[in-house]
Amino acid sequence: MNDMHPHPSWITALFFFLLCTSINAQTPDELLAQFPKHNIVILKSEEEYVFEYDKSRAGVVVRGKLSDEFICTGVREDFTFAEPYDEETALESMDVYTNGSRNRGLQPKHEYLSIDDIFYSDARLAYLRMEFARKGATNRVVVEKTVRDPKYFVSVFFQEPVPIAAKTVRFVVPRWMKVELRELNFDGHGIQKKKSFDSDRDADVYEYTMKNLDHTEKENGAPGNTYFAPHIQVLCKSAEVGGKRHTFFATLADQYGWYRSLVNSIGNEPAPVREKALAITQGIADPEAKIKAVFYWVQDNIRYIAFEDGIMGFKPQKAQETMQKKYGDCKAMANLTKEMLRALGFDARLAWLGTNHIAYDYSTPSLGVDNHMICALLYNNRIYYLDATEEYAPFGYCAERIQGRQVIIEDGDKFLLERVPTAKAEDNQHIIRNVFQIAGTALKGNTEHLFKGESRTDLLQQISRVKTDKLTTALLAYLSDNNKYYQVENMTTSDLTNREGDLKIQYATTQQEAVTSFGNELYVGIDFYQEFRDAVIDLAERRHDLMFDFKKNLITETRIDIPAGYTVSSLPEDFEFTRPGFSFSLHFTKAADHILYRKEIKINDIFLKKADFPTWNEAIKGLSKRYLDQVILAK
Amino acid sequence: MLRSQLFLLLALLCAYPSFSQKRDERQYRERAAEVRNEIWGVKNSAFELKAAPAGYEKESAVILAKQIQYELTGKMSRMGLMSAVRAHFYILTFRQRVQINDKAALEEFSELSFQKSTKRAALAKKAGSKVYVGVKILKPGGQERELDVQAEAIDIKSDSDDKQQKVAISDLQIGDVIEYYIRVEDVQDYYVPIEPFSMTLADDYPVVHFEFEARIEDEFEVRMASMNGAPKLVPKRKDGYIQLAFEQKNLPKEPEDIWVHNQSALPTIKFYLRGITPGMFGTIKKGEVLPPLKASDIEERFSWGVNQNSPAMSELRKKVRSVMREREKELKKKDKELSTRQIVEMIYYLGRYYMLYQEDEAAEGIVVDQRRNNWSAKDEWYADFVGGMLETYDIPFDFVIMLPRASGSIKNSIDMNELYRMIRVRDGKNTYYFYPPNMFSHLGSIPFAFEGSEGYVIDLKAKGDKKITPFKVPAGTPTDNLSREDIQVQFDANDPQLLRVQRQRLCTGFHKLDYQERLLLFEEYGDAERKRLGIEGSFLDDIRKFPKGAKLVEEYKQAFVKAREKQKEFFESEIENSIDVKPKEMTAYKVVKSGLDPADPAFVYSSDFALEGLVRKAGPNYIVEAGKLIGGQIEIKAEQRTRKYDIYGTYPRIFEYQIEIAIPAGYKAEGLQDFTKNVSNATGSFVSSAAQEGNKVVIKSTKTYLHNFEPAANWNDMLAFLDAANDFTQQKLLLKKM
């Protein structure tokens, strides 16, 4: 055979290959029709994760290779590609192929990743700005990463900030590796799964393919992405390789065991902590009062600053260091609370949990399950959960974000698996009581606000962030909803630093232009705040469920005296709309010399699912309309 | 042997960066220690105050002492033996001692971010900047603790030429006093102009003691202004330095009023330094402290025409001249020639077209959406273009030199770079101003930022002191800036609480630009302007002639589609911004007139939409919040109602509304009398009325701001008509079932 020239059939094969690829690939115009709101889309995305035994480290690593081919479907544009990495995940390489050829001029830049509210994180970003010189131009980015310890390989999300025309995600799992791949939120995305065996590698290969995947988008009030984004939760259990058994998190006991090993090596010094705890509780005899004194001292004196720095993302800072620095993250604050209470003889323990930002629970042991640490106190046959990161939280109260969440509590070499108690909407009541008289075109009288539970804590937290000299102005702006026709005078408040008991605000009210007089009739708009008015959800735009910050129970009770010589000629109809997750009710009652108005709004479930949006909108439309109805008084 | 040496050398070269980084770090720490001793090693009694005096209890924080030190040297000797170039050594020290009274202040002072170092490519050795930070905390009991900032700081960015850090201040609590300094040391090539220095003597928090010191080597010329009651500094001289210093007690807090220009209201000190910069005009008065620029200084330093011979300028002139020549030829056939008016107009509009409208073949991106609408010409370059063209046509002209009102009076100007220029042509009764155009301006448009300000005219052909004369930038009248809305309202046939609105807005003068930028499509007005100017072909015809033109045209068309989508969004948000209510749906929108034609300069657009929430139901009757249809009015907060500072408004202007509400069959309208307001005084007015015409209620309102400036004493007059406008928005119309 003549090796000097390629075989004709080889040319034919090549020709067909080219033909096939061009048939498979969508044209820019087709992609534009598919994703009209986007100028850059991913034509083809391929990801492969291979579990490997790394002899030099004598451990298991995960090698990831990601290839994303971006294409410009409209107008030339520069586009930034970014890939995060951190101490546990090494970025091995990042190469770009522009219009098919390796673009050596384009090298990634590296920056510390700044995440909202996190003071310091070891996460970095490698990024590069790719040029798409014309419609149809492509840039393929190839990234190689190594996760140095499978414990940290917790999930693989499928979506990107731009749409993806076609994607394949492959996991190569040697038979010596025990891993569970949980398929989450696959519904509606048309994801195909194929399992095969690669005999060369003695490995199972799991392949997920999908087409026309929508882009990711941040929406206000959306739950965490584990609730809705299609992804694989990776549960690395164990491996039998290199002549030994490697255990990751096969059971929750394994996960707790690892946490336990970290907290055993914190290096707390009992003496200075005890000294401070004694000073804080000096002169206090009642045990519960002692607990409160310590818990509130940590809330008030330790500033919350989030750190996510390598192992310090999991291991608390020393208690004495937190005391000295006066700042720390949740782990530092939990550890200090625990150490102080233990120094006083209480049975305080560390507790791990995931806030409601995360959809998972501990039935799937993984580092992706939790993101928070608090102190659990076993006292009087009850477990109290002390989260000192919640400023102005009273003893015995748990914030919505941790309510109902599974929690693991230290118990020597074992652990307790418990659930944080939940509160009801009624626990967070905000009650407004008005007694008004009609004075010309105004409603005049007295108003009282009562805030309980989370509505109280929320307001106290906001107040504490206002400069002292601006406090009155800020409170007035809040009470009047920035409306200059709602005037507040002689305002008195309960102690604005007291986290226990109801928060009370009272004042004399003048609500200008609430009454309209035409001829012999007076028209009264009875509701000033009109909560949730026009809060209709745009069904065409909104992609994700809505998550309220906490359960709500808003009650307004208004009494309006009927002026002499007038009678009630018309009252708005009552309004009721009740569903399990929320309810709205407006009631109007006529008495001899006054009118009573009672409004009650309840948000019992903080998750408002997309499926419930139409019902919600129906309720809001009815409510908004009723808010516009006037009381008529006639001479 | 050779091989191993080479290997060693390579190894050394590879290791060099880390050696150099370690050396940099060592030097940084050594210098940091020196700086610390310099600042904290010297006793300063002002910084020993341990708590705020009485009267400050309600403040969030109190600045017990604040110090700013500025130092500039430029001697070669500082460069070391090996170096042969001059450099500027700039040192700025900011130091303050703050009592923390509440949580808000604790949050504010509990973290500190700083640019640890930068490196610049330059002739000077070690060009770049370093920042040194020191922090100490004083507890109420008197204990003092100093932070090891370098040990506690963490990196935000750690590139070799850009290092940034931040530090969480440990052990800081309410009731503590924090003292910290930030020292900036910067080395810069001598030819890079020195940034002007400006400070306002006011702060977010009250300041008990303030001190300032500048030490400037007598190699430099200092030009300084003390404005609005700031102390007049008397220079002292010592060891080859000029020293400017002062102390002051009890600095005020910055005002929170609207319509304030800090540079015109608050005590301000600014200075500008010049060293031996090559190519600089005029001589440097080394070691002198000079007053603000006088007219003669400005005239002496003024120059123009440096861009005259650049290839881009020649190209631009060629294009403009070519169209003008064609016109001249046509006229010549009729034995006519271009008038001065025609010439200046053609220079303005053709120049603008070729500068901003026509696509540059070398352009990197395609910008034909609303971003294009923000383009404008550059000041100096534009004056050179216009001047050159006028010279070609033998039309005499002069230059107007001016300063925006927000920067204070031109009499306090210290730096030629802060001055703006435009060209003036006088032709008999007519005067034409050439201010650098934007996409939609007309010949003679001058931004309102300059209206009524004092400036100068420079006539280079005049002799002696006639060369520069005072000038006042003309100010418009309210009628120049008219916004007029015609709003037709009907009740939806099926839902009387849903209003169907047709709205058309006409605006002139300064009202136009913001809306033109948002609502106009380059795709449409670009070619309309081209046609008006008599330039053959279209925008896309030009593109088609570029290499790979056919493909490019497709891309441009795609970009036009995206711009149209954005236009729709802008129209929707315009309704919401104007009426303060989000429209339920927008059924139609269009630009009626672009406002680009100088003969028909009004910008007119319209939209049809539905509004919810403005109609209340009262039994069988309806109450229409008709007053709200004029949109949200400026509201003055309670704390802003008393006023100390003069009022710097935007421009004199009129907002006119005519609202026609169709009365549905079976109803009658009541409450019309409540819409009558009539407040009119020397600062402005709000006049409104309502009347029934057939089956319509016609509501009219006019709000007029007479001037762009009012003295503080006139504030109550302004409040009177601003309040009237607000009251109007609360008025309601009753539709009573008959």
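Keep in mind that this is a model prediction, so the values were computed, not measured.

A.B. asks: Tell me about the overall build of chain A, residues and numbers included.
C.D. replies: Within chain A, the secondary structure is distributed over 10 helices and 38 strands. Counting only C-alpha atoms and orienting by the principal axes, one finds that chain A spans roughly 115 × 70 × 40 Å. Every one of the 635 residues in chain A was classed for burial, and the buried ones make up 53%. Pairs at least 24 residues apart make up 72% of the contacts formed inside chain A by residues separated by at least 6 positions. In the form shown here, chain A has an accessible surface area of approximately 28,700 Å², with 48% of it arising from carbon and sulfur atoms. Of the charged side chains in chain A, 79 are positive and 91 negative; the average position of the first set lies 2 Å away from that of the second.

A.B. asks: Lay out the packing of helix α5 (residues 287-301) of chain A against helix α7 (residues 330-343) of chain A with the relevant residues and their values.
C.D. replies: All names here are of chain A. One can describe the packing of α5 onto α7 by two numbers: an axis separation of 10 Å at closest approach and a directional angle of 155 degrees. Regarding the angle of α5 to α7, the classification is roughly antiparallel. At the point where α5 passes α7, the crossing takes the right-handed sense. Mapping the contact onto sequence places I291, V294, W297 and V298 in α5 and M333, L336, T337, M340 and L341 in α7. Taken together, the residues that form the contact of α5 with α7 break down as 8 nonpolar, 1 polar and no charged.

A.B. asks: Pulling in residues and values, what's your account of the sheet that holds strand β6 (residues 109-112) of chain A?
C.D. replies: Residues and elements named next belong to chain A. One open sheet accounts for 3 strands, arranged β3-β8-β6; its pairing is antiparallel. Looking at which strands have only one partner, the edges of the open sheet turn out to be β3 (77-85) and β6. Strand-to-strand twist in this sheet, taken as the mean axis angle between neighbours without regard to direction, amounts to 30 degrees. Inspection of the sheet shows β6 paired to strand β8 (residues 124-132) by 4 bridges, in the antiparallel sense.

A.B. asks: Got a sec to walk through the packing of helix α7 (residues 340-357) of chain B against helix α8 (residues 379-392) of chain B? Specific residues and values, please.
C.D. replies: Each pair of packed helices can be described by the angle between their axes along with the distance between the axes. All names here are of chain B. α8 packs onto α7 with a crossing angle of 135 degrees between their chain directions and a minimal axis gap of 11 Å. One finds that α7 runs oblique with respect to α8. The element α7 and its partner α8 pack so that their crossing is right-handed. For the pair α7 and α8, contact is made by V344, I347, Y348, G351 and M355 and by W381, Y382, F385, V386, M389 and L390, respectively.

A.B. asks: Give me α8(B): which residues, what numbers.
C.D. replies: Residue and element names in this part refer to chain B. For α8, which comprises 14 residues, the first-to-last C-alpha distance of 20 Å matches the rise-based estimate of 20 Å (1.5 Å per residue) to within 8%. Of the residues making up α8, those classed as buried are Y382, A383, D384, F385, V386, G387, G388, M389 and L390. For α8, the elements touching its buried residues are α6 (311-333), α7, β16 (398-402), β17 (420-427) and β18 (430-434). Following α8 by one or two positions, D394 has its phi on the positive side, about 55 degrees.

A.B. asks: Give me the lowdown on the interface of chain A and chain B, citing residues and values where you can.
C.D. replies: Interfaces are often described in size by the accessible area the parts lose on coming together. Listed by partner, the interface residues are 51 residues for chain A and 62 residues for chain B. Each partner contributes to the roughly 4,800 Å² buried at the junction of chain A and chain B, and carbon and sulfur atoms together form 49% of this total. Taken as a group, A:R76, A:F119 and A:F518 account for 16% of the area that chain A buries against chain B, more than any other trio of residues on that side. Counting every contact that joins chain A to chain B gives 9 salt bridges. Across the pair B:K253 and A:D469 runs a salt bridge whose closest N-O atoms are separated by 2.6 Å. Taken together, chain A and chain B are joined by 25 residue pairs in polar contact (both at pLDDT 80 or more).

A.B. asks: Break down a negative patch on the surface for me, with residues and values.
C.D. replies: A cluster of acidic side chains, namely A:D538, A:E541, B:E565, B:E569 and B:E572, defines a negative patch on the protein surface. Mapped onto the elements of the fold, B:E572 is located in helix α12 (residues 549-579).

A.B. asks: I'd love a proper account of the side chain of A:K145, names of residues and values included.
C.D. replies: Residue and element names in this part refer to chain A. On the secondary structure map, K145 appears in strand β9 (residues 138-147). A polar contact is formed between the side chain of K145 and the backbone oxygen of P84, at a distance of 3.0 Å. Ignoring any residue separated from it by four or fewer positions in sequence, one finds K145 in contact with V62, R63, G64, E83, P84, T89, A90, L91 and E92.

A.B. asks: Talk me through the confidence of the model for chain B; I want residue IDs and the actual numbers.
C.D. replies: All names here are of chain B. For chain B, per-residue confidence averages 91 on the pLDDT scale, and 95% of positions sit at 70 or higher. Under a pLDDT of 50 for its full length, residues 1-17 has, in the predicted model, 2 contacts with residues more than four places off or in other chains. Confidence drops under pLDDT 50 across residues 77-83; counting only partners more than four residues distant or on other chains, this segment forms 9 contacts. Here the complex is predicted with pTM 0.90, and the ipTM for its interfaces comes to 0.88.

A.B. asks: Residues and numbers for the sheet that holds strand β13 (residues 192-198) of chain A, please.
C.D. replies: Residues and elements named next belong to chain A. Read across the open sheet, the 8 strands follow the order β5-β4-β9-β2-β1-β11-β14-β13; overall the sheet is mixed. Whereas interior strands pair on both sides, the edge strands pair on one side only; in this sheet they are β5 (101-102) and β13. Two elements, strand β4 (residues 89-98) and β5, share 2 bridges in a ladder whose sense is antiparallel. Its bridge partner being in β5, Y97 is matched across the sheet by R102.

A.B. asks: So what's going on with unusual backbone geometry? Residues and values would help.
C.D. replies: Residue B:D239 is not a glycine yet carries a positive backbone phi of 50 degrees. Considering the arrangement of structural elements, one finds B:D239 in the loop between β12 (236-238) and β13 (241-251).

A.B. asks: Would you mind going over the nonpolar core in detail, with residue names and values included?
C.D. replies: Counting residues in hydrophobic clusters, the biggest one holds 115 residues, and the most contacted among them are B:M324, B:F385 and B:F434. When residues of this core are assigned to their parent elements, the largest contribution, 12 residues, is made by α7(B). When sequence neighbours within four positions are dropped, the list of residues in contact with B:F385 reads B:M313, B:L316, B:R317, B:V320, B:I347, B:G351 and B:M355. Residues A:C72, A:L106, A:I164 and A:C236 belong to the second largest nonpolar core, which totals 68 residues.

A.B. asks: Outline the environment of A:Y152, listing residues and values.
C.D. replies: Here A:Y152 is to be found in the loop between β9 and β10 (155-157). Excluding its chain neighbours within four sequence positions, the residues that come into contact with A:Y152 are A:E88, A:V147, A:W258, A:I311, A:F314 and A:L367.

A.B. asks: I'd like a rundown of the pattern of salt bridges, residues and numbers included.
C.D. replies: Close approach of charged atoms allows side chains of opposite charge to pair. All told, the structure shown has 109 salt bridges over all chains when counted by the stated rule. Here A:E391 makes a salt bridge to B:K103, at a shortest N to O gap of 2.5 Å. Taken together, the positions of A:E391 in the loop between β22 (382-386) and β23 (406-411) and B:K103 in helix α2 (residues 103-109) put the pair across two chains. Judged on exposure class, the residue A:E391 and its partner B:K103 are both buried. A salt bridge links B:K43 to B:E48; the nearest nitrogen and oxygen atoms lie 3.0 Å apart.

A.B. asks: I'd like a rundown of the pairing of strand β1 (residues 61-73) of chain B, residues and numbers included.
C.D. replies: Residues and elements named next belong to chain B. Counted residue by residue, β1 has 12 buried out of 13 residues, so it is predominantly covered. Two elements, β1 and strand β2 (residues 87-100), share 12 bridges in a ladder whose sense is antiparallel. Across the sheet, the residue bridging to A61 is I100, located in β2. Here β1 runs beside strand β10 (residues 207-217); their pairing, made up of 8 bridges, is parallel. Looking across to β10, one finds that I68 is bridged to F212.

A.B. asks: For the environment of B:Q150, give the residues involved together with the corresponding values.
C.D. replies: Residue and element names in this part refer to chain B. Positionally, Q150 belongs in helix α3 (residues 149-152). Judged by relative accessible area, Q150 falls into the buried class, the value being 14%. Sequence-wise, Q150 and I137 are 13 residues apart; in three dimensions their C-alpha atoms are separated by 16 Å. A polar atom in the side chain of Q150 sits 3.1 Å from the side chain of Q165.

A.B. asks: Break down the packing of aromatic side chains for me, citing the residues and quoting the values.
C.D. replies: For the structure shown, the criterion picks out 86 aromatic pairs over all chains. Pairing A:F158 with A:F186 gives two aromatic rings, centres 5.7 Å apart and planes at 50 degrees, and the pair type is tilted. Of the two residues, A:F158 is situated in the loop between β10 and β11 (164-174) and A:F186 in the loop between β12 (177-184) and β13; the sequence distance between them amounts to 28 residues. For the pair B:F539 and B:F560, a centre-to-centre distance of 6.4 Å together with 50 degrees between the ring planes defines the contact as tilted. With B:F539 in helix α11 (residues 539-544) and B:F560 in helix α12, this residue pair connects regions lying 21 residues apart in the sequence. Given a relative accessible area of 5%, B:F539 falls into the buried group. An aromatic cluster is built from B:Y353, B:Y354, B:Y357, B:F440, B:F522, B:Y525, B:F539, B:Y556 and B:F560, whose rings are joined through pairwise contacts. Geometry around A:Y97 places A:R140 over its ring, the cationic atom sitting 4.8 Å from the centre. One cation-aromatic arrangement involves B:R215 over B:Y241; the distance from NZ or CZ to the ring centre is 4.1 Å.

Parameters at a glance
Residues numbered from 1 in each chain as written. Chains lettered and ligands numbered in written order. Predicted model: local features only at pLDDT ≥ 70, side-chain atom pairs only at ≥ 80, totals over all residues. Heavy atoms only, no water. Helix = DSSP H or I, 4+ residues; strand = E, 2+ residues; numbered from the N terminus. Buried < 20%, exposed > 50% of the residue type's maximum accessible area, 1.4 Å probe, protein only. Contact = heavy atoms within 4.5 Å. Areas by Shrake-Rupley, 256 points an atom, 1.4 Å probe, with all protein chains shown as cover. Lys, Arg positive; Asp, Glu negative; His and termini not counted. Charge placed at Lys NZ, Arg CZ, Asp CG, Glu CD. Axes fitted to C-alpha atoms, helices over the stretch in contact; angles between N-to-C directions. Parallel < 35°, antiparallel > 145°, perpendicular 65-115°, else oblique. Left-handed = near helix turned anticlockwise from the far one by under 90°. Nonpolar A, V, L, I, M, F, W, Y, C, P; charged D, E, K, R; others polar. Pairing = 2+ DSSP bridges. Expected span 1.5 Å × (residues − 1). Buried area = accessible area lost by both parts, 1.4 Å probe. Salt bridge = Lys/Arg side-chain N within 4 Å of Asp/Glu carboxyl O. Polar contact = N/O pair within 3.5 Å; in protein donor to acceptor, adjacent residues only side chain to side chain. Patch = residues over 30% accessible without salt bridge, like charges linked within 9 Å, V, L, I, M, F, W, Y side chains within 5 Å. pLDDT = per-residue confidence, 0-100. Core = buried A, V, L, I, M, F, W, Y, C linked by side-chain atoms within 4.5 Å. Phe/Tyr/Trp six-rings, centres within 6.5 Å; stacked < 30°, edge-to-face > 60°. Lys NZ or Arg CZ within 6 Å of the ring centre and 35° of its normal.

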